[in-house]
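These are the residues of each chain, in order.
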Amino acid sequence: MTTKSMKILIIEDDKNDCNNFINSVKNRNDVEIIGITDSDVEGLTYVQNKQPEGIVLDLELNNSISGNTDSLAFLTELKKLNLSYDPIIIVTTHINSKRIYDIVHRNGADIILYKNHPGYSADYVLNKLISLREVTPQRTIEVLKEEIEDSKKKMSDCIARELDLIGIPSKMVGRKYIHDAILYLIENKEDNTNVIRHLTNIYKKSGNTITNGIQNAIIHAWNKTAVDDLLEYYRARINPETGIPTPMEFIYYYVEKIEREF
């Protein structure tokens, strides 16, 4: 087993995150930070001169002084360096999108960690780097899948709890449509596909059938659930003509609510 401390490079524009990594490393001897920068351009120079074994790369460098705001440029340019070794790359991000994750992985990232995940911390990231140090590529893929599935399950459970609170029973088919619509929109922010069209492709039902199923589930909640509970758990606009939210108003309310929790 490797006992030498792991040299890592931090490419991050959030000062609090940078300080968290610095403080974390102070309490451990298995990791050494060889550089911290908010610039992907400067990060490439660090890689050439210092040859870090691990790289922590923030996907969105919005406050970068001298680099790109999109870290995909770093991954692209890193390949062009033709290094004699393959650094372990962990990408950190506030974005939760399978499409973006796929792009990042195709560009060379080993693993992606979602910053809004309840368990996310500097120590968690560093521990992932250490754990990936000795694993095979196949094991790295398995770790990634576990991360994605764990995050997806937590969001799915959260959606189910919210729908329970307003009295939409699990046996209603419209509840399944609502659940899947919310989860899809959270995971695919960059996808411009209409969510109803997405559900029609999944369930092989017409758009009217999907929309009616969602509407029926909402009507059930507003007819059967106590008004006080509805006012407590659903705090968004209600169509004044019908007295209930439209399917899209309802779905997007929960997309925003659950995103805040994660």
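In this report, we go over the structure that sits alongside the text. Fair warning: this is a prediction, and the values are worked out from it, not measured in the lab.

According to the stated counting rule, one finds eight aromatic pairs in the structure shown. Each ring, one from tyrosine 177 and one from tyrosine 203, has its centre 5.0 Å from the other, and the planes form 70°; the classification is edge-to-face. One end of the pair, tyrosine 177, is in helix H7 (residues 173-187); the other, tyrosine 203, is in helix H8 (residues 195-203), and 26 residues separate them in sequence. Given the relative accessible area of 4%, tyrosine 177 is considered buried. Where tyrosine 234 meets phenylalanine 250, the ring centres are 5.6 Å apart and the plane angle is 15°; that geometry is what we call stacked. Placement of the pair is tyrosine 234 in the loop between helix H10 (227-233) and helix H11 (247-261) and phenylalanine 250 in helix H11, with a sequence separation of 16 residues. The class of tyrosine 234 is buried, set by a relative accessible area of 4%. Among the aromatic residues, those joined into a cluster by ring pairs are Trp222, Tyr234, Phe250, Tyr253 and Tyr254.

Mapped onto the elements, isoleucine 11 comes out in strand S1 (residues 6-11). On a C-alpha basis, the gap between isoleucine 11 and glutamate 42 in space is 8.9 Å, while along the polypeptide they are 31 residues apart. Aside from chain neighbours lying at most four places away, what touches isoleucine 11 is Thr37, Ser39, Asp40, Gly43, Ile55, Val56, Leu57, Asp58, Leu61 and Phe74.

Moving on, we come to the pairing of strand S3 (residues 54-58). Counting buried residues in S3 gives five out of five residues, a clear majority hidden from the surface. On S3, burial covers both faces: Gly54, Val56 and Asp58 on one face and Ile55 and Leu57 on the other are all buried. Pairing geometry for S1 and S3, over four bridges, is parallel. Paired with leucine 9 across the bridge in S3 is isoleucine 55. The pairing of S3 with strand S4 (residues 88-93) spans five bridges and is parallel. Across the sheet, residue glycine 54 finds its bridge partner in S4, namely isoleucine 88.

The rules behind each value
- Residues numbered from 1 in each chain as written.
- Predicted model: local features only at pLDDT ≥ 70, side-chain atom pairs only at ≥ 80, totals over all residues.
- Heavy atoms only, no water.
- Phe/Tyr/Trp six-rings, centres within 6.5 Å; stacked < 30°, edge-to-face > 60°.
- Helix = DSSP H or I, 4+ residues; strand = E, 2+ residues; numbered from the N terminus.
- Buried < 20%, exposed > 50% of the residue type's maximum accessible area, 1.4 Å probe, protein only.
- Contact = heavy atoms within 4.5 Å.
- Pairing = 2+ DSSP bridges.

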